[in-house]
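# Summary of structural features
Okay, here's what each chain looks like letter by letter:
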Amino acid sequence: MAKPFYITTTLPYVNSVAHAGHALEYVQADILARYHALIGDEVFFNTGTDEHGVKIYRKALEEKKDPQAYVDEYAEKFKLVVQKLNLYPDVHFIRTTDPHHKAAAQEFWRRCIAAGDIYKKNYEVKYCVGCELEKTDSELQNGRCPLHPNLDIEIIKEENYFFRFSKYQVPLLDLYARRPDLVVPDYRFNEIRAFVAAGLEDFSISRQKTKMPWGIPVPDDPDQVQYVWFDALINYISTLGWPEENEKFEKFWGIIDSPKALQVAGKDQIRQQSAMWQAMLISANLPSTRQIVIHGFITSGGQKMSKSTGNVIDPMTIIDEYGTDALRLFLARHIHPFEDSDFTMEKFKESYNADLANGLGNLAARILTLAEANLEKPVEHPAPIVFPAEYTNALEKYDYNTACDNVWKLIGELDKDLTDKKPFSVVKADPEAGKTMIADMTKRLYTIARLLQPILPTTSDTLKAAIGANKKPANLFPRKE
RNA sequence: GCCGGCGUAGCUCAGGUAGUUAGAGCACAUCAUUCAUAAAGAUGAGGUCCCAAGUGCAAAUCUUGGCGUCGGCACCA
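In this text, all values refer to a predicted model and were calculated from it rather than measured experimentally.

Rules used in this analysis
Residues numbered from 1 in each chain as written. Chains lettered and ligands numbered in written order. Predicted model: local features only at pLDDT ≥ 70, side-chain atom pairs only at ≥ 80, totals over all residues. Heavy atoms only, no water. 1 Å grid on protein atoms, 1.4 Å probe; cavity = no way out; pocket = protein on both sides within 12 Å on 5 of 7 lines; lining within 4 Å. Points joined across faces, edges and corners; volume = space filled by probe spheres on them. Nonpolar A, V, L, I, M, F, W, Y, C, P; charged D, E, K, R; others polar. Phe/Tyr/Trp six-rings, centres within 6.5 Å; stacked < 30°, edge-to-face > 60°. Helix = DSSP H or I, 4+ residues; strand = E, 2+ residues; numbered from the N terminus. Buried < 20%, exposed > 50% of the residue type's maximum accessible area, 1.4 Å probe, protein only. Lys NZ or Arg CZ within 6 Å of the ring centre and 35° of its normal.

Time to look at empty space enclosed by the protein. This model, assessed by the stated rule, comprises one cavity of 30 Å³ or more. Size it by volume and the largest cavity reaches roughly 40 Å³. If you trace the largest cavity, you find it lined by Gly361, Ala364, Ala365, Lys472, Pro473, Ala474, Asn475 and Leu476. Looking at the lining of the largest cavity residue by residue, the class counts come to five nonpolar, two polar and one charged.

Listed below in structure tokens is the structure:
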């Protein structure tokens, strides 16, 4: 009986195109999805786009587009990214403007009301006339907008709905105590625990429709829409057909005593994912997330990527030049799973040439040339292997770097054996012995291809097909200068 | 300011409950070679393990202090 495995990324907000950080999160989640599929689990992999809110509304107006037309366009762009990164074919792509998601968000809201956790109150918004934007305290300096220090900040009163977050301090701390691996890595868990322990304030979860209509309507209140991320978080369960498809929901998301869902998110998302969303789930009487894995950010040349610095790495450009698997390997092997990491073209090219052109690509060429020339028929596929413990343990701990290192250790050993045992010489002196060696090494290459499946799916398939046909493929990774 | 992490070869990092000459991958140099993508292989160079004091027979590893650096301390998603 296949074990259900649920995994989701966060949904990118569609006010800009996909960047390297999105690619990292997609690839990390995809490696886990594919790994679990490989070991026989029934996988539900969710991603999609977060499409409501004031920023999108403004951008649509700026571009003189209907908001729906604007988000349709961006959703297509992100779908293309998902495709180009070669994510798991059955990935479920949810959009927060999907009718079913809207209905689910409204139902979720009603459940929170039923729990007594939503109430209306006057909310004071700080507003900078210069920016024409609302400002938070952390954005202000000495009570003034840093961009427009000569203008006074205006206080606008707005009636909004609030979520009774304060009520969930103890329940959240209980949850954290019960589930000591809820958030990975542990220092991120400590951060959120400290944050919750310091006390929680209720937060606003709606906006006035007259000012900002681009959101999901609040049930039974035509004047308010849900604040964007309240609705956005609900995608993790609406994607499963919640609330109608309860069987599917329990199968993948779990039940209260046995949560199953795995979430991957960036370090800027800790609070939303591991505190606010978990409180919302408790309020709606639904199971919590089983585990939230927090990754770091990608920097370039030690700095945040920005157009003005000119250090932006565009994942799509890299794919066009080097191929999807080259990008996937760099993200998996050379970007730290949890800490911020540097991504420069120099480092990328170095790793491409070392790991792929000189490493895997060259090894495949060596072996398959010998196999094609000397074996009469393709080798029989080795029986499904037991994966090396170092490899599986690393993936269970989200240590993609070490999982890759483990495969590359096998590549190195096979390469060295080929050099030392010289089947290319042996086959001339003693054809049968040489052929046996070549067949054996071809099988080892097949095993490596299987281990590569979650990380480099296309390369894995190409290698397996080549071995199956006993035909050397074209250069997998041409060396780049 | 408060809390926490980190500081080890050119680069990215591992080790670190103290115990032989400090490790890996990449990069670099030399040699050799062809089954292969001028690739792979062998050999080698490269480190006062941030600084100082302390506790030990013994400290990169423990303690204290200092310096440096990074992260968190709510409504930007």
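From this point, things continue past the structure.
A few words now on the packing of aromatic side chains. One pass over the structure, following the stated rule, counts 26 aromatic pairs. Measuring from centroid to centroid gives 6.2 Å for Phe108 and Phe230, while their planes differ by 80 degrees, and the two rings are edge-to-face. Of the two residues, Phe108 sits in helix 4 (residues 99-114) while Phe230 sits in helix 7 (residues 228-233), which places them 122 residues apart along the sequence. Here the two residues Phe108 and Phe230 agree in accessibility, since each one is buried. Here Phe343 and Phe348 contribute two aromatic rings whose centre-to-centre distance is 5.9 Å and whose plane-to-plane angle is 20 degrees, an arrangement assigned as stacked. Taken as a pair, Phe343 and Phe348 share a single burial class, namely buried. Site record: aromatic cluster; members linked through ring pairs are Tyr6, Phe44, Phe108, Trp109, Tyr161, Phe230, Tyr236, Trp242, Phe252, Trp253 and Trp277. Above the plane of the ring of Tyr74 lies Lys77, whose end atom (NZ or CZ) is 4.3 Å from the centre. A cation sits over an aromatic face here: Lys480 above Tyr322, 5.1 Å from the ring centre.

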